[in-house]
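Residues per chain are reported as follows:
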2 protein chains.
Amino acid sequence: MKAIVTVMLKDGVLDPQGKAIRHALDGLGFADVGEVRVGKVIELDLLEADPLKAREKAEMMARRLLANMVIEQFDVVFR
Amino acid sequence: MKAIVTVMLKDGVLDPQGKAIRHALDGLGFADVGEVRVGKVIELDLLEADPLKAREKAEMMARRLLANMVIEQFDVVFR
C-alpha cells in the first residue's frame, strides 16, 4: 500500500521559502495571495498489507527520518 | 480559501532524493519499503472566494512558478 507522508513546518515556525514564493507570485501579478507555507510530501510504497501496521511503520519512519519533530509536524494518509 | 498544491516528479523521471530516503530507511531497519518518491507541497491562502476562479488562479500559479512542467506534475485541492 502507498503511504503519503506530508511534512510541514509547525505553526509559528518562520517559513522563508514560503515568503519567497509569496514575493515571487506578487511579482508575477498574483496580488491576492495571503500566507504561503511550503512542505514536503513523501510517497512510500509499503509492502506491509495490514493497514494498522502500515500506519504505525509510516509514522515511525516519519518520526525517525522524514520529519524534524522539533520544528515540523507530519500527517500520514494511505492511497 | 486554502489551496494545497502538490508537486511531484512525473512518472519515469529519476528521483535521487527518493532513492536516498529509501536507502536511509533501509539503514534504519525499515526493510520492506518499495519505491520512494519525494515532492513539494505548497499551501496558499487565497483571498479569492469563488471556487472556480480560485482553482484557475492556483493552477496558473503552479504552471508559472511552483512546478517545472518539463519534469513535474501538480495537483490542486482546496481545504
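Structural data are supplied above this passage.
A few points about the relation of the copies chain B and chain A
Item 1. Mapping chain B onto chain A calls for a rotation angle of 180 degrees and an axial translation of 0.0 Å; the resulting RMSD is 0.0 Å. The symmetry that links the two subunits is that of a two-fold axis. By C-alpha distance to the rotation axis, the residue of chain B lying nearest is K40(B), at 2.3 Å.
Item 2. Interface residue correspondence from chain B to chain A reaches 100%, placing this contact among same-surface, isologous pairings.

Observations regarding the environment of G34(B)
Item 1. Tracing the backbone shows G34(B) in strand β2 (residues 33-46).
Item 2. Considering only alpha carbons, one finds G34(B) and L46(B), 12 residues apart in sequence, at a separation of 37 Å.
Item 3. Look past the residues within four positions of G34(B) in its chain and what remains in contact with it is D45(A) and R22(B).

What to know about the interface of chain B and chain A
Item 1. If you look at the interface, chain B gives 30 residues, while chain A gives 30 residues.
Item 2. Approximately 2,700 Å² of surface area, both sides summed, lies buried where chain B meets chain A, with 67% of it carried by carbon and sulfur atoms.
Item 3. A per-residue breakdown of the area chain B buries against chain A is headed by F30(B), D32(B) and V41(B), which together make up 21% of the total.
Item 4. Counting the contacts that link chain B with chain A gives 2 salt bridges.
Item 5. Its salt-bridge partner being D32(A), residue K57(B) comes within 2.9 Å of it at the nearest N-O pair.
Item 6. Counting residues per element, the ones that place at least two in the side of chain B that touches chain A are β1 (2-9), α1 (16-27), β2 and α2 (51-66) of chain B.
Item 7. When its residues are assigned to classes, the side of chain B that touches chain A shows 18 nonpolar, 3 polar and 9 charged.

Thresholds applied
- Residues numbered from 1 in each chain as written.
- Chains lettered and ligands numbered in written order.
- Predicted model: local features only at pLDDT ≥ 70, side-chain atom pairs only at ≥ 80, totals over all residues.
- Heavy atoms only, no water.
- Least-squares fit on C-alpha atoms with pLDDT ≥ 70 in both.
- Contact = heavy atoms within 4.5 Å.
- Helix = DSSP H or I, 4+ residues; strand = E, 2+ residues; numbered from the N terminus.
- Buried area = accessible area lost by both parts, 1.4 Å probe.
- Salt bridge = Lys/Arg side-chain N within 4 Å of Asp/Glu carboxyl O.
- Nonpolar A, V, L, I, M, F, W, Y, C, P; charged D, E, K, R; others polar.

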